[in-house]
Protein chains: 2
Amino acid sequence: MDHQTETIVKLIQSSDPLQDDQALAAARTGLSDYIASSLAAVQESAVAKLHDYVAREQGPATLIGANIWVTAQNAALFNGFQAHYLDYDDTHAGVRGHPSAPILSALLAVSDADTMGDEFLRAYIIGVEMMARLGESVNPYHYLHGWHATGTFGAIAAAAAIGALKHLPNTRLAQVLGIAATQSAGLRFQVGTAVKPLHAGLAARAAVFAYEAVEEAGIAGSTELFNEANGYFRVYGTANPDIAKWKQTWGKPWRIVSPGLWFKRYTFCSAAMQGADAAQSLYHAHRFKASDIARIDVFFPKNGDSALLVRAPQTGEEGRFCIEYIVWLALTGQPLERAAFAPTPIPEKTRAELLKVQRNYDDPEWQASENAQPKGRYTAVKVTTRSGKIYSTIVDQPKGSPANPLSQLEHQTKLSQASENATDITALINRLEHEPLGPLIRLIN
Amino acid sequence: MDHQTETIVKLIQSSDPLQDDQALAAARTGLSDYIASSLAAVQESAVAKLHDYVAREQGPATLIGANIWVTAQNAALFNGFQAHYLDYDDTHAGVRGHPSAPILSALLAVSDADTMGDEFLRAYIIGVEMMARLGESVNPYHYLHGWHATGTFGAIAAAAAIGALKHLPNTRLAQVLGIAATQSAGLRFQVGTAVKPLHAGLAARAAVFAYEAVEEAGIAGSTELFNEANGYFRVYGTANPDIAKWKQTWGKPWRIVSPGLWFKRYTFCSAAMQGADAAQSLYHAHRFKASDIARIDVFFPKNGDSALLVRAPQTGEEGRFCIEYIVWLALTGQPLERAAFAPTPIPEKTRAELLKVQRNYDDPEWQASENAQPKGRYTAVKVTTRSGKIYSTIVDQPKGSPANPLSQLEHQTKLSQASENATDITALINRLEHEPLGPLIRLIN
């Protein structure tokens, strides 16, 4: 085993986040939000189709929101897809992607009713740590090069979480991570289609397969996935990380706490959260009508809109990745609710209005505050009316980001809108580190 | 659909290689060699373990050498693994990897007894064409960067083959290719372990999953996998190919004919074929004893040994990728048979002898002839004896390469060593374009 892999394997094995109340609290909130985001998508027709597809093979693992039992790989695939389907699940600035959908879907797939809640939360925290570290090590190159981090890092992070849950010894943990790494995939050209959420499912499935390949199919793979010459960091990034620094800072603080998980109120891409908040606050102050607005300028730092790949959306689903569409809805007082982001056509009239929106980069008029999250990131919106008036504002800590978090009530509302059992689910999660998973699984499936 | 994807989709759809007798003959030989390479591995313990793992879920698809029926995805996974397990299956200079293991394993998984042989061979030829084109477009960068082409291109090529077999219309073909592309993975650090053959299985499985995701689970993905901005060529290579040239030269000649498939006599990496032939010819001329040899120099062009990653093998399996080991066996008159490349320890004494072997690059004494395959590639071996004598030779068209092919008898021998039904299998393959697959499937499973 090479030096880098050995260091990372030891970090995963020796992690003890259960002593950290903030990390545990963040994990409980993350689990609750994952369940809410998943259950919110149960009625979607694409989700129903994948449900029927995975239902063909029976097995020991459960689907969220569907009381059937399928193979562990298919449960991971389906639960990852459903959790990320509406783009309503959490994100993380270190990852530049969605950690909980792949990690929790993989963990659930290899858990059973007797799995202890403390072990489950511990593994989840370690998985998020791993995913954030991978992101810090190879981004922004990785993301800008065309990868979708939810898929690529997701496979390895979910494998790390499984390894932590199952207390795998050195060699087998490295082999599981290696088989996950050699399946690491997911491309950003799929953004705006149903394959983007599929990436979360494929990452979870890749981790479950890696675990089964080593533990059940007896496949002995390389233990050198992070080797300095041709390992993961070299292929998916540009250079090896400072592994000594990983060691010094791992869990100090836990990445699930700081920079922390972002939670969503709406079902669109997290890169649009600042712009949506800015546009909503302008609307609340000035109550524009569509006909008032002559021009809209949106200001980003360079690459601040790189996840917002869509400029002329045909459907609400594509509109999840279109700042023009989201800002237009918010500025004209339209609710940012799920119907606006459904896979149905956007009215021709609305699509024509989007031509009023211009994107601008690195404009000297705007800059992020010291507290911006991620560092240096902001979105400013400037409206020019037909009468020549100009209104503008900037947001760099949007609602749902760790510095401006959702309240307990807002989290509870998100869960209640998705499940009749919200109160019971919350109560079970709140005492999860003292109980096995069984009761929670029964409530959510 | 972007221009590049549209061009490639049309090439796949409009291909008619059945008119080309040379392409058909090459496809028959490729299929025969694939079956021989697969059946040769049936008794391996790692293969038996994966067999038991995939046997858990029943389905409509067959395993080679095992009369059971499993899911299409698991059949693809297993058959790809088994065919590549001994590194005995074909390679291709354009691909820099193994085309038939992923492509034929995927095609078999989505075929049934009624699938017509001509359609099957046609799809196979198109898959090889696609895989070679991908290699020509992104290599040598892709390979040298750390990817294992059998896995990465294999997924897309196998999806193209399935699309051709099923006569998918434009949009759905592009979507299937896109879901294959977004799973494209496989890293070279796994070379020398059982995960290398697993890459062939994972690629075949990725293609089958892509097909099922679109056709059975109704997942609508992007049709822009080859878009110029952030499509496959940009992420896995360095630049977009000359797509107009693809169009002009597609199938002229078919890549399965020229540069053509390489077939193996031995179960080691094809990059060692030249060196093995050179060492064998020196042994036949001079009958060295181990104690005669003071020093061995092996000469490559730069990067000519990049697949031969192992320098100090612990086991015969690792020795498949070690030129020092292979040349030593050949120079000392030891047979290059399967036992030498089994996953069992190499004797300490032999390992010590390997220190006598030096690798050299771009030495002005040696160069490839005009007919070298691949262009510019050679291996020269120079032996210095204890008495100071020097013997050397060079090989740039090894036995099994298209310019120095195996005879019909040698192919038949390879198949006979693996199957009691070799004569019947050969007869069925020889008339396959006039018959359905059923009889052949019954003979090989």
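Reading the values: rules and limits
Residues numbered from 1 in each chain as written. Chains lettered and ligands numbered in written order. Predicted model: local features only at pLDDT ≥ 70, side-chain atom pairs only at ≥ 80, totals over all residues. Heavy atoms only, no water. Helix = DSSP H or I, 4+ residues; strand = E, 2+ residues; numbered from the N terminus. Rg over C-alpha atoms; globule rule 2.2 N^0.38 Å. Buried < 20%, exposed > 50% of the residue type's maximum accessible area, 1.4 Å probe, protein only. Contact = heavy atoms within 4.5 Å. Areas by Shrake-Rupley, 256 points an atom, 1.4 Å probe, with all protein chains shown as cover. Salt bridge = Lys/Arg side-chain N within 4 Å of Asp/Glu carboxyl O. Pairing = 2+ DSSP bridges. Buried area = accessible area lost by both parts, 1.4 Å probe. Polar contact = N/O pair within 3.5 Å; in protein donor to acceptor, adjacent residues only side chain to side chain. Nonpolar A, V, L, I, M, F, W, Y, C, P; charged D, E, K, R; others polar. Phe/Tyr/Trp six-rings, centres within 6.5 Å; stacked < 30°, edge-to-face > 60°. Lys NZ or Arg CZ within 6 Å of the ring centre and 35° of its normal. Axes fitted to C-alpha atoms, helices over the stretch in contact; angles between N-to-C directions. Domains from an automatic or database assignment. Core = buried A, V, L, I, M, F, W, Y, C linked by side-chain atoms within 4.5 Å. Least-squares fit on C-alpha atoms with pLDDT ≥ 70 in both. pLDDT = per-residue confidence, 0-100.

Trainee: What am I meant to see in the overall build of chain A here?
Mentor: Across its full length, chain A holds 20 helices and eight strands. Compactness check: chain A gives a C-alpha radius of gyration of 21 Å against a globular reference of 22 Å for 445 residues, within 12% of the reference. Dimensions of chain A, computed from the C-alpha atoms along their principal axes, are close to 70 × 45 × 35 Å. Residues classed as buried in chain A amount to 64% of the 445 residues present. Residue pairs at least 24 apart in sequence account for 76% of intrachain contacts in chain A once pairs closer than 6 positions are excluded. Total accessible area on chain A is roughly 15,400 Å²; 48% of this is exposed by carbon and sulfur atoms.

Trainee: What is the right way to look at the pattern of salt bridges in this model?
Mentor: Side chains that differ in sign of charge can pair as their charged atoms come close. Scanning the entire structure with this criterion turns up 42 salt bridges over all chains. Residue arginine 56 of chain B pairs with glutamate 216 of chain A through a salt bridge whose shortest N-O separation is 2.4 Å. Here glutamate 216 of chain A lies in the loop between helix 10 (195-215) and helix 11 (232-236) and arginine 56 of chain B lies in the loop between helix 3 (45-54) and strand 1 (58-63), a pairing that spans two chains. For arginine 56 of chain B, a relative accessible area of 45% puts it in the partly exposed group.

Trainee: Explain the pairing of strand 2 (residues 66-70) of chain B to me, please; I cannot follow it from the model alone.
Mentor: The side chains of a regular strand alternate, first on one face of the sheet and then on the other. All names here are of chain B. In this sheet, strand 2 lies alongside strand 1 in antiparallel orientation, the contact comprising four bridges. Residue pairing for strand 2: alanine 61 is matched across the bridge by valine 70. Linkage of strand 1 to strand 2, two consecutive antiparallel strands, is achieved through a turn of two residues, within which glycine 65 is found at a positive phi near 80°.

Trainee: Sorry, what's going on with the side chain of glutamine 190 of chain A here?
Mentor: Inspection of the secondary structure puts glutamine 190 of chain A in the loop between helix 9 (170-181) and helix 10. Residues in contact with glutamine 190 of chain A, not counting those within four places in the same chain, are Val195, Lys196 and His199 of chain A together with Gly178, Ile179, Thr182, Gly221 and Ser222 of chain B.

Trainee: Hey, could you run me through the interface of chain A and chain B in this one?
Mentor: By convention, interface size is frequently given as the accessible area that disappears when the constituent parts associate. Listed per partner, the contact involves 49 residues of chain A and 50 residues of chain B. When chain A packs against chain B, the two sides together hide about 4,000 Å² of surface, and 62% of this comes from carbon and sulfur. Area buried by chain A at its contact with chain B is led by Tyr53, Thr182 and Phe189 of chain A, which between them contribute 17% of it. Where chain A touches chain B, the interface holds 20 residue pairs in polar contact (both at pLDDT 80 or more). Elements represented by at least two residues in the side of chain A that touches chain B include exactly helix 3 (45-54), helix 4 (72-85), helix 9, helix 10 and helix 11 of chain A. Considering only residue class, the side of chain A that touches chain B consists of 23 nonpolar, 17 polar and nine charged.

Trainee: When you look at the packing of aromatic side chains in this model, what are you seeing that I'm missing?
Mentor: Two aromatic rings are characterised by how far apart their centres lie and by the angle between their planes. Summed over the entire model, instances satisfying the criterion amount to 30 aromatic pairs over all chains. Ring plane angle 80° and centroid distance 5.9 Å describe the contact between phenylalanine 233 of chain A and tryptophan 246 of chain A, whose orientation is recorded as edge-to-face. With phenylalanine 233 of chain A in helix 11 and tryptophan 246 of chain A in helix 12 (residues 243-249), this pair connects stretches of sequence that are 13 residues apart. Accessibility expressed as a relative area gives 0% for phenylalanine 233 of chain A, which makes it buried. Its relative accessible area of 4% is what places tryptophan 246 of chain A among the buried residues. Here phenylalanine 300 of chain A and tyrosine 361 of chain A contribute two aromatic rings whose centre-to-centre distance is 6.3 Å and whose plane-to-plane angle is 25°, an arrangement assigned as stacked. Taken together, the positions of phenylalanine 300 of chain A in strand 5 (residues 293-300) and tyrosine 361 of chain A in strand 6 (residues 357-361) put the pair 61 residues apart, joining distant regions of the chain. Classification of tyrosine 361 of chain A by relative accessible area gives partly exposed; the value is 35%. Following the ring pairs from residue to residue traces out a cluster consisting of Trp147, Phe226, Tyr232, Phe233, Tyr236, Trp246 and Trp250 of chain A together with Trp147, Tyr232 and Tyr236 of chain B. Here lysine 414 of chain A stacks its cationic end above the ring of tyrosine 88 of chain A, 4.0 Å away from the centre of that ring.

Trainee: Explain the sheet that holds strand 5 of chain A here, please?
Mentor: Through backbone hydrogen bonds, the strands of a sheet pair up, either in parallel or in antiparallel fashion. Residues and elements named next belong to chain A. Read across the sheet, four strands follow the order 6-5-7-8 without closing on themselves; strand pairing throughout is mixed. Sheet topology places strand 6 and strand 8 (390-395) at the edges, where each strand pairs with a single neighbour. Sheet twist, expressed as the mean angle between neighbouring strand axes with direction ignored, is 20°. Examined bridge by bridge, strand 5 and strand 6 share five bridges and lie parallel to one another. Across the sheet, the residue bridging to isoleucine 296 is valine 357, located in strand 6. Packing of helix 14 (residues 273-286) onto the sheet brings it into contact with strand 7 (379-385) and strand 8, and relative to strand 8 it is tilted by some 140°. Along the sheet face, helix 16 (residues 323-331) touches strand 5, strand 6 and strand 7 and points at about 125° away from the line of strand 5.

Trainee: Teacher, can you tell me more about the domain arrangement of chain A here?
Mentor: Residue and element names in this part refer to chain A. The domain boundaries assigned to chain A delineate domain 1 (3-265 + 406-444) and domain 2 (270-395). Once you take the C-alpha centre of each, domain 1 and domain 2 turn out to be 31 Å apart. On the side of domain 2, 18 residues touch domain 1, which itself brings 20 residues to the contact. For the pairing of domain 1 and domain 2, the buried interface totals around 1,700 Å² over both sides, and the portion due to carbon and sulfur atoms is 52%. Between the two partners, domain 1 and domain 2, sit two salt bridges. For the salt bridge of arginine 265 with aspartate 277, the shortest nitrogen-to-oxygen distance reads 3.2 Å. Counting the contacts that link domain 1 with domain 2 gives eight residue pairs in polar contact (both at pLDDT 80 or more). Residue classes in the side of domain 1 that touches domain 2 are distributed as 11 nonpolar, two polar and seven charged.

Trainee: What is the right way to read the sheet that holds strand 6 (residues 357-361) of chain B from this model?
Mentor: Residue and element names in this part refer to chain B. With respect to topology, four strands assemble into an open sheet ordered 6-5-7-8, the strand pairing being mixed. The open sheet is flanked by strand 6 and strand 8 (390-395), the only strands paired with a single partner. Across this sheet, the average inter-strand angle for adjacent strands is 20°, counted without regard to direction. Running over the sheet, helix 14 (residues 273-286) touches strand 7 (379-385) and strand 8 and is turned about 140° from strand 8.

Trainee: Whenever I open this one, the nonpolar core confuses me. Can you help?
Mentor: The nonpolar side chains of soluble globular proteins are, as a tendency, buried together. With 234 residues, the main nonpolar core has Met130 of chain A together with Met130 of chain B as its most contacted residues. Not counting residues within four places of it along the chain, the set of residues in contact with methionine 130 of chain A comprises Ile8, Ile12, Ile156, Ala157, Ala160, Phe226, Trp246 and Trp250 of chain A.

Trainee: Just to check I follow, could you spell out the relation of the copies chain A and chain B for this structure?
Mentor: The two chain copies are related to each other by a rotation about an axis together with a translation along it. Rotating chain A by 180° and translating it 0.0 Å along the rotation axis places it on chain B, where the RMSD comes to 0.0 Å. Those values place the two copies in the arrangement expected of a two-fold rotation axis. Most of the interface of chain A is mirrored in chain B: 100% of its interface residues are interface residues there too.

Trainee: Is there a simple way to think about the confidence of the model for chain A in this case?
Mentor: Low pLDDT marks regions whose predicted coordinates should not be analysed in detail. Taken residue by residue, chain A gives an average pLDDT of 96. The fraction at 70 or more is 100%. Here the complex is predicted with pTM 0.94, and the ipTM for its interfaces comes to 0.94.

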